[in-house]
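# Report on the structure
Chain residues, written in single-letter form:
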Amino acid sequence: MDRLDRQIIAALRDNGRATYADIGRTVGLSPSSVHERVGKLEAAGVITGYHATVDPRSVGLGVTALVGIQPTDTASNDEIADELVGLAEVESCYAVAGDEAFVVKVRVDTVDELEHTLGRLRRIDGVARTRTTVVLSTRFEGRPNNRLLDAEDDGVTS
């Protein structure tokens, strides 16, 4: 991946709906060259998809919580993770170091629904306990970190 690829990725992370012509003007390439590079980045698995970012409250998901999950001593983290995938309320799942094996981000419509979801989480085989932090407000989220993508070309390609 060279400097131009990193600039294209940064442009797409800032605006996933940018046209190849717009990106080309930003990075100094023709739209067809940008299209070709984006195709290669997609084929290589660097770009894994495109999505719309929505305001959770506007779609009825006004309660967000971060839930730490501590497994039992005999639990299989893979099996717990497989169960977490099946819960639509779990938006993100991170394997973490420390007493907890996972931290998950849960989004639901009400505190009552959060309580119900926490009960479902606790009933997953292998979950010993959970620790919940309710989010009062979100200052920012999903911000693209383009720091390394904006860096000067170091001559290293992958």
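Residues numbered from 1 in each chain as written. Predicted model: local features only at pLDDT ≥ 70, side-chain atom pairs only at ≥ 80, totals over all residues. Heavy atoms only, no water.

### Details of the nonpolar core
Nonpolar side chains in soluble globular proteins tend to be buried together. To be explicit about the condition: Throughout, nonpolar core names a set of buried Ala, Val, Leu, Ile, Met, Phe, Trp, Tyr and Cys residues whose side chains join them through atoms within 4.5 Å. Buried means the residue's accessible area, taken with a 1.4 Å probe over protein chains only, is under 20% of the maximum for its type, while exposed means over 50%, and partly exposed covers the values in between. Strands here are runs of E lasting at least two residues and helices are runs of H or I lasting at least four, both read from the DSSP assignment and numbered beginning at the N terminus. Contacts are assigned to residue pairs with any non-hydrogen atoms lying within 4.5 Å of each other.
Ranked by internal contacts, the top residues of the largest apolar core, which has 18 residues, are Val67, Ile69, Leu84, Val104, Val106, Leu114 and Leu121. Counting only elements with at least two residues in this core, the list comes to strand S1 (63-71), helix H4 (77-85), strand S3 (102-108) and helix H5 (111-122). Those residues in contact with Leu84, other than ones at most four positions away along the chain, are Ile69, Val90, Cys93, Phe102, Val104, Leu121 and Ile124. By size, the runner-up hydrophobic cluster in this structure holds 14 residues, among which are Leu4, Ile9, Ala11 and Val34.

### Considerations on the sheet that holds S3
To keep it simple, the criterion reads: We treat two strands as partners when DSSP finds at least two bridges between them. The axes are straight lines fitted to the C-alpha atoms, using for helices just the contacting stretch, and the angles between their N-to-C directions are given from 0 to 180°.
One open sheet accounts for four strands, arranged S2-S3-S1-S4; its pairing is antiparallel. For this open sheet the edge positions go to strand S2 (90-95) and strand S4 (127-134), each flanked by a neighbour on one side alone. For this sheet, the mean angle separating the axes of adjacent strands, direction not counted, is 20 degrees. As paired strands, S2 and S3 are joined by five bridges and run antiparallel to one another.

### Side note on the side chain of Glu100
Going by this rule: Throughout this description, a polar contact denotes any pair of N or O atoms lying within 3.5 Å of each other; where both atoms belong to protein, one of them has to be capable of donating a hydrogen while the other can accept it, and for residues adjacent in sequence the pair is counted only when both atoms sit in side chains.
By secondary structure assignment, the location of Glu100 is in the loop between S2 and S3. By relative accessible area, which is 14% here, Glu100 ends up buried. Of note is the side chain of Glu100, whose polar atom sits 2.9 Å from the side chain of Arg131. Residue contacts for Glu100: discarding those within four places in its chain leaves Gly68, Ile69, Gln70 and Arg131.

### So, the UniProt feature "domain: HTH asnC-type" (unreviewed entry) in the chain
Applied cut-off: UniProt positions are given in the numbering used here, feature names are shortened, and annotations may be inferred rather than shown by experiment.
Here the UniProt feature "domain: HTH asnC-type" (unreviewed entry) sits at residues 1-62. With 53% helix and 0% strand, the stretch residues 1-62 has end C-alpha atoms that lie 40 Å from each other.

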